[in-house]
Amino acid sequence: MTSISDEIIILGSAGGRFHAATQLRSTGGIILKLFNGKYQCHLDPGPGAIRDLRDYKINSRLTTHIFLTHAHTDHSMSIPIIIEALQKDFAYHEPRGCLIAPTEYLESGELNSYYKNLLQTIISVNNSNEYLITEDFSIKTVPTNHGKLQNVGFIFSLKYPQRDFKIAFTSDTANFPGYTSLYRGVDVLVANVLRPDNSFCRGHLCVEEFIPLLKEISPKLCILIHFGAQMINPISGDRVDDQIKKIKKAVGPAIQVIGGKDGMHVPFLEYFEI
Ligand SMILES: [Zn+2]
Ligand SMILES: [Zn+2]
């Protein structure tokens, strides 16, 4: 049993315009607490992020790093307020925090210089590169298939005393040649799967497209997020549980599959011999 209390906290398990606008499920992104709280990362803080932090009693001032995959509103909208919320106080005496985001977003002017100046570090990322975040934490960016906007998946590489550990975030993407080989060998796969069954959507994955990919990647733990209106809506209800059952039946017991829920804590190291 590990003495490291690291966890993934799902603020928002949804994505797409319906959930971004209704907040039926949140689009607040994901928190990663790493190395017993040494780093608190906030990935893709979309609409709802700041209220989610309050509701789930997560201290925004402990956030050290903000990660952005791409500049669609359901991922990026709350970046300015998260930058303000992680400052020591509201006098902003010293720059604080690190933003890791695609070059295209950083150069677009969408985030103005007022917010950029509040940050201590900005790391501008491109596809298929490696970046050292700290001495024990590096990332690799991986390509996606999600339209013209620059969009990266992230593979976090964490140097625990026992061994290196990899957590992957696919971002929004459809399948593309080489998708599975990018993620082979990761310990935890956090995958954006927008739609149920075989409901195709350009630039995204549905459950039946994802199943063979997951089998091939074969991580020990897979967490699904970024559910869209066809997964959860007021008319046909919440289809996440039956879709997770379908995936589990198809991939077998060697892969633990979790359907993300708002406010869910996943102490991911407990699934591993660490
Ligand atoms: Zn999205
Ligand atoms: Zn998107």
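Residues numbered from 1 in each chain as written. Chains lettered and ligands numbered in written order. Predicted model: local features only at pLDDT ≥ 70, side-chain atom pairs only at ≥ 80, totals over all residues.

Going by what an unreviewed UniProt entry lists, the protein chain is known as Ribonuclease BN and is assigned to Candidatus Lokiarchaeum ossiferum.

A. Seen up close, the overall build of the protein chain. Within the protein chain, the regular secondary structure consists of nine helices and 16 strands. Its C-alpha atoms give the protein chain a radius of gyration of 18 Å, within 12% of the compact-globule value 19 Å for 274 residues. With respect to the three principal axes, the spread of C-alpha positions in the protein chain is 55 × 45 × 35 Å. For the protein chain, the residues scored as buried account for 46% of the 274 residues in total. Sequence-distant contacts, at least 24 apart, represent 58% of the contacts inside the protein chain between residues at least 6 apart. (Helix = DSSP H or I, 4+ residues; strand = E, 2+ residues; numbered from the N terminus. Rg over C-alpha atoms; globule rule 2.2 N^0.38 Å. Buried ≥ 20, exposed ≤ 12 C-beta atoms within 10 Å, placed from the backbone. Contact = placed C-beta atoms within 7 Å.)

B. Molecular detail of the environment of Gly-16. Along the chain, Gly-16 falls in helix α1 (residues 16–22). Once the C-alpha coordinates of Gly-16 and Ala-229 are considered, the two residues, 213 residues apart in sequence, prove to be 7.5 Å apart. Discounting chain neighbours no more than four positions away, the residues touching Gly-16 are Asp-74, Leu-194, Gly-228 and Ala-229.

C. The arrangement of the sheet that holds strand β10 (residues 164–169) in detail. One open sheet accounts for seven strands, arranged β7-β8-β9-β10-β11-β12-β15; its pairing is mixed. In the strand order of this sheet, the two ends are held by β7 (130–134) and β15 (256–259), each with one partner. Between one strand axis and the next, the sheet turns by 20 degrees as a mean value, whatever way the strands run. Where strand β11 (residues 188–192) and strand β12 (residues 221–225) come together, five bridges link them in parallel fashion. Note that in β12 the partner of Val-188 across the bridge is Leu-221. (Pairing = 2+ DSSP bridges. Axes fitted to C-alpha atoms, helices over the stretch in contact; angles between N-to-C directions.)

D. Quick look at the nonpolar core. Counting 71 residues, the largest nonpolar core has Ala-168, Val-188, Leu-189, Val-190 and Ile-223 as its most contacted members. The biggest single contributor to this core is β12, with five residues. (Core = buried A, V, L, I, M, F, W, Y, C linked by C-beta atoms within 7 Å.)

E. Layout of the pairing of strand β2 (residues 30–34). In terms of residue burial, β2 counts as a mostly covered element, since five of its five residues are buried. Residues Ile-30, Leu-32 and Leu-34 point to one face of β2 and Ile-31 and Lys-33 to the other, with burial holding for every one of them. As judged from the five bridges shared by β2 and strand β3 (residues 39–43), these two strands associate in the antiparallel manner. Bridge pairing links Lys-33 to Gln-40 in β3. From the end of β2 to the start of β3, which pair antiparallel, there are four residues, and Phe-35 there has a positive phi angle of about 50 degrees.

F. Expanded view of the pairing of β11. For β11, the buried fraction is high: five of the five residues fall into the buried class. Burial along β11 is two-sided: Val-188, Val-190 and Asn-192 facing one way and Leu-189 and Ala-191 facing the other are all buried. By the bridge criterion, three bridges tie β10 to β11 in an arrangement that is parallel. Considered in β11, the bridge of Phe-169 is made with Val-190. For the crossover that starts at β11, traverses helix α8 (residues 207–217) and ends in the parallel β12, the hand is right-handed. (Right-handed = clockwise from strand over helix to strand, strands pointing away.)

G. The arrangement of the sheet that holds β3 in detail. With respect to topology, seven strands assemble into an open sheet ordered β6-β5-β4-β3-β2-β1-β16, the strand pairing being mixed. Edge positions in the sheet fall to β6 (121–125) and β16 (264–266), since each has one partner strand and no second. Taken pair by pair, the neighbouring strands of this sheet meet at an average axis angle of 20 degrees, ignoring direction. In this structure, strand β1 (residues 7–10) lies alongside β16, joined through three bridges in antiparallel fashion. When the sheet's bridge partners are listed, Ile-9 is paired in β16 with His-265.

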